[in-house]
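# Fold and contact review
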Amino acid sequence: MPKRTILHLEQLHKSYSVEGKDFPVLENIDLTIKSPEIVSIVGRSGCGKTTLLNVIAGFLQPTHGKVYLDGKEVHANDQRIPMIFQQDTVFPWLTVHKNLTINPLVNAEESHQWLEHVELGEKKHIHPKFLSGGMRKRVEMARAFAGKPPMVLADEPFGFLDPVTKRRLQGLLSEVWAKQRTIVLFSTHDVEESLILSDRVVVLGGSPARIQRIISIPFLRPRPESLRFEPEFQHLRKEVEEILEMK
Amino acid sequence: MFSNSRAVLISIVSVAAFYGAWWGITALGWIKPLLLPSPFAVLQAGMDLGWGLFPHVQATAFRILSGFTIGAAGGIMLGLLTSYFPFFGLALQPHIESWRPVPPVALVPFFILWFGFSVFGKLLLVSLGCALILVVQTQEAVRNISPRYIRAAHSLGLSKVNVYRMVVLPAILPELRSGLRIALALSVSLVVVSEFLGAQEGLGYLITVAKVTFSTPTILLGIILLGFLSFTFDWLLQKGIDRLTTWRETIAESLE
Ligand SMILES: Nc1ncnc2c1ncn2[C@@H]1O[C@H](COP(=O)(O)OP(=O)(O)OP(=O)(O)O)[C@@H](O)[C@H]1O
Ligand SMILES: [Mg+2]
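So, how was this worked out
- Residues numbered from 1 in each chain as written.
- Chains lettered and ligands numbered in written order.
- Predicted model: local features only at pLDDT ≥ 70, side-chain atom pairs only at ≥ 80, totals over all residues.
- Heavy atoms only, no water.
- Near = heavy atom within 4 Å.
- Polar contact = N/O pair within 3.5 Å; in protein donor to acceptor, adjacent residues only side chain to side chain.
- Areas by Shrake-Rupley, 256 points an atom, 1.4 Å probe, with all protein chains shown as cover.
- Helix = DSSP H or I, 4+ residues; strand = E, 2+ residues; numbered from the N terminus.
- Donors = N, O, S within 2.8 Å, 3.2 Å for Na, K, Ca; no water.
- Core = buried A, V, L, I, M, F, W, Y, C linked by side-chain atoms within 4.5 Å.
- Buried < 20%, exposed > 50% of the residue type's maximum accessible area, 1.4 Å probe, protein only.
- Contact = heavy atoms within 4.5 Å.
- Buried area = accessible area lost by both parts, 1.4 Å probe.
- Salt bridge = Lys/Arg side-chain N within 4 Å of Asp/Glu carboxyl O.
- Nonpolar A, V, L, I, M, F, W, Y, C, P; charged D, E, K, R; others polar.

### Some details on the site of ligand 1
Residues and elements named next belong to chain A. Around ligand 1 sit 14 residues, and of these S45, G46, T50, T51 and E156 come closest. S45 places a polar side-chain atom, nitrogen or oxygen, 2.6 Å from an oxygen atom of ligand 1. Expressed as a share of its isolated accessible area of 640 Å², the protein-covered part of ligand 1 is 64%. Elements that contribute at least two residues to the shell around ligand 1 include exactly β1 (6-18), β2 (21-34) and α1 (49-57). Looking at the shell around ligand 1 element by element, the count peaks at three residues for α1.

Right, here's the structure in full:
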């Protein structure tokens, strides 16, 4: 990785207006992330994780505050930051391969390599309707990482998957990240997922949500599956869960 | 569900039953032949005309196809433009809304006044009718696209033109299917009406001439040929759209 990318969130506030009334969701969000770092946002359902990621991606305008990527402010819809979404967003009318090459920065060769990385080389030329949910998530993963993006956002990427597939894809995400080493910022309500994948865990909580705590995860990479049973891991897990249960 | 050959068999039996019943009613003499000639009289009328029928079928088919194609393509284009350029959309919307409820047939006298009995006038009428249906259908379909696809496309760095070309257009196609079929049916009726009012050839013209001579078999022949034409075009249209949208998960598949 020749150049380090820096994401900087400065005093972010976001309110929705619901039937004419202001409804604050996020408050005072300050955060700096440098590549190569994986950061997770943990919080209960409805606390504002999707909202925060949408603001960072430029899909939503923050009410106050700014998002800077490498010193440049991210304006609505002008910055290219790939995102793996909570719902399925593989384009059903394009083959798996074309779902990657639709990105103007991704050529056939690169698409091929990324599909190999996520073990979908064989499914290259078929339409998504023939893929399982887990396979579609892998397409989204490959699509997000292809084309050397400055960072990748992921909104509860594995939320709907069964535990076994989930673990497999978590492993795959760290492998894929190791090849690229971009910033990865993902949200999850699964504490174990956040601990096994990230370098720092940002715990969101309260209403409107603020950053309750930022916890550094000391485990070295690659992290084995057995890490989940280590006392230190369990200890951190308890710590995060306790913060989540406050309020 | 039904296999393909079973499905075809069901249609054939159903059509045969219809013509059988028709023949039965006329053979029993319940209705005067002048009011309802037998299927064989219609067949005879067709044989009498022989190749003479061909120019009529050809003229009508050409008018339907070209009017529909121009109108549908123009309507879809216009619908996309109104959402691509919101200002243009706002400016155009009141016109679309006020013209849409007007039956295009009501415009026929003016079209005759302006364009005479020319093919151009007929095509313009048909295209206008189709375009009005498809502008609105396209706008609705664009509104119904799931925003997550648009966001995904933006996040992958697609330019606005490419979002429309590679995401919006394919995403609305399944929803345009019904609008296209309705527009096709409308083109058939608009072509016939315009041929009733003034033409030198075409099935509508054939029917008008037959009406003057009380040749009911020829009238029915014209109607049946029109039905056959629109059935064929509709079938081709459906096959074409299905071909372009094989990526869809259809209910038929999931019920199988
Ligand atoms: N478009 C919107 N307009 C108004 N309120 C909204 C809108 N989107 C979300 N909200 C509200 O903002 C809050 C945060 O929603 P958000 O989707 O960001 O939560 P989340 O943490 O992603 O939840 P989950 O884990 O269930 O996905 C919720 O209370 C929700 O009701
Ligand atoms: Mg969410």
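### Concerning the coordination of the magnesium ion (ligand 2)
On the protein side, the magnesium ion (ligand 2) has T50 of chain A (OG1) and Q86 of chain A (OE1) as donor atoms, found 1.8 to 2.5 Å from it. Taken as a pair, T50 of chain A in helix α1 and Q86 of chain A in the loop between β6 (83-84) and α2 (96-101) lie far apart in primary sequence, 36 residues in all.

### Observations concerning the nonpolar core
In this structure, L7 and F91 of chain A are the most contacted members of the largest nonpolar core, which totals 87 residues. Per element, the largest residue contribution to this core is 14 residues, and it comes from helix α8 (residues 160-197) of chain B. Non-local contacts of L7 of chain A, meaning those with residues more than four positions away in its chain, are made with L31, T32, I33, I56, V67, Y68, L69, M151, I183 and L185 of chain A. Counting residues in hydrophobic clusters, the runner-up holds 45 residues, among them A142, V152, V191 and V201 of chain A.

### Some details on the interface of chain B and chain A
Across the boundary between the two partners, chain B contributes 19 residues, which contact 23 residues of chain A. Of the roughly 2,000 Å² buried between chain B and chain A, counting both surfaces, carbon and sulfur atoms make up 67%. Contact with chain A buries surface across chain B, with R151, L156 and W247 of chain B losing the most and accounting together for 35% of the total. The interface formed by chain B and chain A holds one salt bridge in total. We note a salt bridge from R136 of chain A to E249 of chain B, for which the minimum N-O separation is 3.8 Å. Counting every contact that joins chain B to chain A gives four residue pairs in polar contact (both at pLDDT 80 or more). Residue assignment for the side of chain B that touches chain A shows that the elements contributing at least two residues are α7 (147-155) and α8 of chain B. Among the elements that line the side of chain B that touches chain A, the one with the most residues is α7 of chain B, at seven residues. Classifying every residue of the side of chain B that touches chain A by side-chain character gives ten nonpolar, four polar and five charged.

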